[in-house]
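Structural overview for review
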Amino acid sequence: MSASTARSNEAARLYGALEERILARDQVGASRAYYEIVKAGRPQAEIIAEATRIHAPYTHVPYHERIDDGYVNFVNNDHCLLSARAAINLTKLVPDSLSMLPLAQTIWYIPTGLDVWNQKLNKAPGHYTRGWSGKIENPPPPAVYWPDSEPMRMGGPLQDRLSAWLTHVHRGNVMDAYRTFLGLTEDRDNLRAVLAELVFAGLMDVQDRIFLNRSYTTGHKGYRARATVELGDALGWDNAHDVIYAGALDIAVGPRWYSVYEMACNTVKQDIEGETLRAIPYGGVSEAEAAMLRNTAPLTPAEEQAFIATVLRGAEPENTAAVTALLKAGKDPRRIIDALQVAAAELTIQTHDPNNFSMPMHCYEYCNALGWFYDSFEHPRRLRLLYVAAMFVTMTCHHQANTGEMVERPVAVPAGAARLSGREILTRLDAAMLLQQADEAQGWLRAYLDSQSDRAALVRGLAIGSSKIGNDPHNQEIPQNMLEDFAKTRSPARDRLLMACVQHCAGHRKYGDIGEAARRFSEGVGVPLQ
């Protein structure tokens with residue numbers, strides 16, 4: 001037997017063990033298999049590819065909503081793929097010795113993320129049955145609701161093919177949409193345009209109300225599409241079929257919400273193009289709309305502060321009018337996104353009930369994904385998503401203000417902090433986050449911001465801290481979003497993103513022993529947690 005054959009056989013054995021434990025919904029066993037894979041030196045991209053192959057058939061649902069005896073109930077979105085996306089980005093921020101810790105959290109979660117549909121019916125164990133009492137006896141194996149399929153190939157101009165795909169998505173033709181998308185990805189010369197359309201189709205799908213609703217997209221179609229693109233890029237598109245199956249198929253699974261995006265289209269038509277809206281079909285991108293994308297002027301600090309105040313506390317149409325006013329003043333749309341991210345960060349900073357972070361964190365994730373979309377693609381209709389994001393922020397603030405939040409607590413710097421080094425302060429900040437002491441964590445963060453200039457060390461510490469908090473991929477996803485934006489933003493209020501990161505890490509609802517996965521990883525691969 002050749003050395004390469006032996007390595008191939010050994011890899012097959014390792015991934016076979018991982019698959020067996022994941023499908024058995026065994027977190028501990030799957031993690032042990034992962035430690036063996038890590039110690040065998042298998043590359044991160046390969047591990048992600050194999051993990052995605054294993055979970056892809058089982059992380060879809062028939063529909064993201066049910067009506068049970070007359071009551072509308074939400075069916076959650078997959079987070080396995082989103083967790084892997086966060087992991088590849090957090091890996092770049094943590095020390096080399098902990099480079100496989102973020103992905104350890106993904107592997108720890110995957111066994112609990114299978115077959116969400118049956119979890120929500122309390123027929124299968126997992127992340128979404130944590131709140132149920134009792135034990136589920138003899139659960140069924142994870143179910144496959146949408147099987148993989150073969151590409152459906154079309155001829156004609158690219159825009160016609162993309163329009164045909166989006167029509168399938170809009171109408172909820174799940175398998176036709178998926179098969180058409182597979183065919184589109186075979187057109188490698190136009191792959192980036194195809195991927196841009198995938199993400200755009202996700203980002204335009206945002207609910208039209210939040211208060212007293214529990215069934216909504218929270219932008220998840222866009223986050224899943226983004227994860228598909230980032231993981232496909234990381235693995236290489238010749239090796240990304242399972243990523244496409246796990247991520248792109250869901251874009252057409254209902255329900256779908258387009259009214260906020262429709263408002264954005266009509267706002268552009270009326271306020272940017274100056275047309276009177278009529279009951280006629282519209283389409284395309286005008287020169288007036290395209291011209292706004294070429295704006296380059298920054299926002300002044302005063303303009304940014306006024307805009308943030310309006311999208312947080314104003315009502316429709318004040319929020320959208322504020323976007324239009326900035327655009328007409330020549331302001332760069334990407335810098336408007338910077339301001340929207342600071343506004344979204346405020347939603348998290350001013351939330352204190354551990355059970356009330358859902359909308360703030362997803363609103364932030366949307367604003368982050370929108371910034372990434374602008375940085376990654378030049379989609380011709382991306383201007384309209386500024387209005388969607390502004391509406392998302394306003395709706396979320398309305399929800400939070402009417403559920404006891406939007407209260408900024410004073411931050412008290414701990415006594416004696418001035419005598420400590422930056423490293424000592426970061427150690428205390430890390431401890432406060434792991435103990436879920438949000439006020440104390442904010443105090444240590446303020447002590448660091450007031451006395452230290454090394455933001456890189458702080459970002460590294462927050463990346464490590466978030467990577468140690470387990471049992472929910474949001475614990476990595478949202479902090480990673482905020483740290484990513486901190487590195488990119490040109491806002492003078494950028495430290496607010498770090499405050500939001502700490503508030504989420506220390507204040508957002510957690511489940512079970514949040515340090516278990518990290519401790520097991522440390523022991524399993526023999527590296528200390530810093």
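Further up the page is the structure itself.
Now for a look at the structure at hand. (Residues numbered from 1 in each chain as written. Predicted model: local features only at pLDDT ≥ 70, side-chain atom pairs only at ≥ 80, totals over all residues. Heavy atoms only, no water.)

Thoughts on the nonpolar core
- One finds Tyr 34, Leu 385, Leu 429 and Phe 521 to be the most contacted residues of the largest nonpolar core, which totals 171 residues.
- Residues within four places of Leu 385 in sequence aside, it is in contact with Phe 200, Leu 203, Met 204, Tyr 261, Tyr 366, Leu 370 and Phe 373. (Core = buried A, V, L, I, M, F, W, Y, C linked by side-chain atoms within 4.5 Å. Buried < 20%, exposed > 50% of the residue type's maximum accessible area, 1.4 Å probe, protein only. Contact = heavy atoms within 4.5 Å.)

Observations regarding a nonpolar patch on the surface
- Together, Leu 277, Ile 280 and Tyr 282 make up a nonpolar patch on the protein surface, roughly 250 Å² of accessible area in all.
- Here Ile 280 is to be found in the loop between helix H12 (259-272) and helix H13 (287-292).
- Residue classification places Ile 280 among the partly exposed positions, given a relative accessible area of 47%. (Patch = residues over 30% accessible without salt bridge, like charges linked within 9 Å, V, L, I, M, F, W, Y side chains within 5 Å. Areas by Shrake-Rupley, 256 points an atom, 1.4 Å probe, with all protein chains shown as cover. Salt bridge = Lys/Arg side-chain N within 4 Å of Asp/Glu carboxyl O. Helix = DSSP H or I, 4+ residues; strand = E, 2+ residues; numbered from the N terminus.)

What about the side chain of Asn 118?
- Within the secondary structure, Asn 118 sits in helix H6 (residues 116-120).
- Among the polar contacts made by the side chain of Asn 118, one reaches the side chain of Asp 115 at a distance of 2.9 Å.
- Contacts of Asn 118, omitting those with residues within four sequence positions, involve Lys 123, Ala 124, Pro 140, Ala 143 and Tyr 145. (Polar contact = N/O pair within 3.5 Å; in protein donor to acceptor, adjacent residues only side chain to side chain.)

Considering helix H9 (residues 191-203)
- Over its 13 residues, H9 runs 18 Å from end to end, which matches the ideal 18 Å to within 8%, given 1.5 Å per residue.
- Looking only at H9, the buried set comprises Leu 191, Val 194, Leu 195, Ala 196, Glu 197, Leu 198, Val 199, Phe 200, Ala 201, Gly 202 and Leu 203.
- Residues of H9 that are buried in the fold lie against helix H7 (158-171), helix H8 (174-185), helix H10 (220-235), H12, helix H17 (358-376) and helix H18 (384-401). (Expected span 1.5 Å × (residues − 1).)

Some thoughts on the layout of surface pockets
- Considered as a void within the structure, the largest pocket measures approximately 860 Å³ in volume.
- Along its surface, the largest pocket is lined by 35 residues, and Phe 74, Asn 76, Lys 120, Arg 214 and Arg 509 are the ones closest to its centre.
- The set of elements that each furnish at least two residues to the lining of the largest pocket consists of strand S2 (71-74) and H17.
- Considering only residue class, the lining of the largest pocket consists of 12 nonpolar, 17 polar and six charged.
- Of the volumes computed, that of the second largest pocket is approximately 700 Å³.
- Along the walls of the second largest pocket sit 25 residues, with Met 204, Tyr 261, Cys 265, Tyr 282 and Arg 384 positioned nearest its centre.
- Put simply, the parts of the chain that give the lining of the second largest pocket at least two residues each are H7, H9 and H12.
- Looking at the lining of the second largest pocket, the element that brings in the most residues is H12, giving six residues.
- Residues belonging to the lining of the second largest pocket are distributed by class as follows: 10 nonpolar, seven polar and eight charged. (1 Å grid on protein atoms, 1.4 Å probe; cavity = no way out; pocket = protein on both sides within 12 Å on 5 of 7 lines; lining within 4 Å. Points joined across faces, edges and corners; volume = space filled by probe spheres on them. Nonpolar A, V, L, I, M, F, W, Y, C, P; charged D, E, K, R; others polar.)

Digging into empty space enclosed by the protein
- A full pass over the atoms with the stated rule returns three cavities of 30 Å³ or more.
- Surrounding the largest cavity, His 64, Phe 74, Asn 77, Tyr 216, Thr 217, His 220, Lys 221, Pro 255 and Trp 257 form its lining.
- Considering only residue class, the lining of the largest cavity consists of four nonpolar, four polar and one charged.
- When its volume is computed, the second largest cavity comes out at roughly 40 Å³.
- Only H10 and H17 provide two or more residues apiece to the lining of the second largest cavity.
- A per-element tally of the lining of the second largest cavity places H17 first, with three residues.
- In the lining of the second largest cavity, the residues fall into two nonpolar, two polar and three charged.

Thoughts on unusual backbone geometry
- Here the bond from Gly 254 into Pro 255 is cis, since omega is -5°, no more than 30 degrees from zero.
- Inspection of the secondary structure puts Pro 255 in the loop between helix H11 (241-247) and H12.
- The linkage connecting Glu 316 with the following residue, Pro 317, adopts the cis geometry, with an omega of 10°.
- Tracing the backbone shows Pro 317 in the loop between helix H14 (301-313) and helix H15 (318-328).
- In this model, Arg 25 sits at a positive phi of 60°, which is unusual for a non-glycine residue.
- The phi dihedral of Asp 69 falls on the positive side, at around 50°, and the residue is not glycine.

Here's the deal with the packing of helix H5 (residues 101-109) against helix H24 (residues 516-525)
- For the pair H5 and H24, interaxial distance at closest approach is 10 Å and the crossing angle is 120°. Judged by the inter-axis angle, H5 sits oblique to H24. Considering only the axes of H5 and H24, their crossing is right-handed. Across the interface between the two elements, Leu 101, Ala 104, Gln 105 and Trp 108 from H5 touch Glu 516, Ala 517, Ala 518, Arg 520 and Phe 521 from H24.
- For the contact of H5 with H24, the residue count by class is six nonpolar, one polar and two charged. (Axes fitted to C-alpha atoms, helices over the stretch in contact; angles between N-to-C directions. Parallel < 35°, antiparallel > 145°, perpendicular 65-115°, else oblique. Left-handed = near helix turned anticlockwise from the far one by under 90°.)

What about the packing of aromatic side chains?
- By the definition in use, this model includes nine aromatic pairs.
- The interplanar angle of 50° and the centroid separation of 5.8 Å between the aromatic rings of Phe 373 and Phe 377 together place this pair among those described as tilted.
- Grouped by ring-pair contacts, the aromatic residues Tyr 34, Tyr 35 and Phe 521 constitute a single cluster.
- Here the guanidinium or amino end of Arg 66 rests over the ring plane of Trp 117, the centre of that ring lying 5.6 Å away.
- Its end group placed over the ring of Phe 486, Arg 494 keeps NZ or CZ at 3.8 Å from the ring centre. (Phe/Tyr/Trp six-rings, centres within 6.5 Å; stacked < 30°, edge-to-face > 60°. Lys NZ or Arg CZ within 6 Å of the ring centre and 35° of its normal.)

Let's talk about the state of the cysteines
- Counting across every chain of the model gives zero disulfides.
- No disulfide involves Cys 501; its sulfur sits 4.3 Å from the nearest other cysteine sulfur, which is in Cys 505. (Disulfide = S-S within 2.5 Å.)

Things to note about the environment of Ala 441
- If you trace the backbone, Ala 441 turns up in helix H20 (residues 438-451).
- A relative accessible area of 0% means that Ala 441 is categorised as buried.
- Taking the C-alpha atoms as reference points, Ala 441 and Arg 428, separated by 13 residues in sequence, lie 7.9 Å from one another.
- Not counting the four nearest positions on each side in its chain, Ala 441 is found in contact with Leu 429, Ala 432, Met 433, Val 502 and Ala 506.

Re the pairing of S2
- Note that strand S1 (residues 65-68) and S2 share four bridges and pair antiparallel. The partner of Glu 65 across the bridge, within S2, is Phe 74.
- Hairpin geometry of S1 and S2 is characterised by an intervening segment of two residues between the two adjacent antiparallel strands and by a positive phi of about 50° at Asp 69. (Pairing = 2+ DSSP bridges.)

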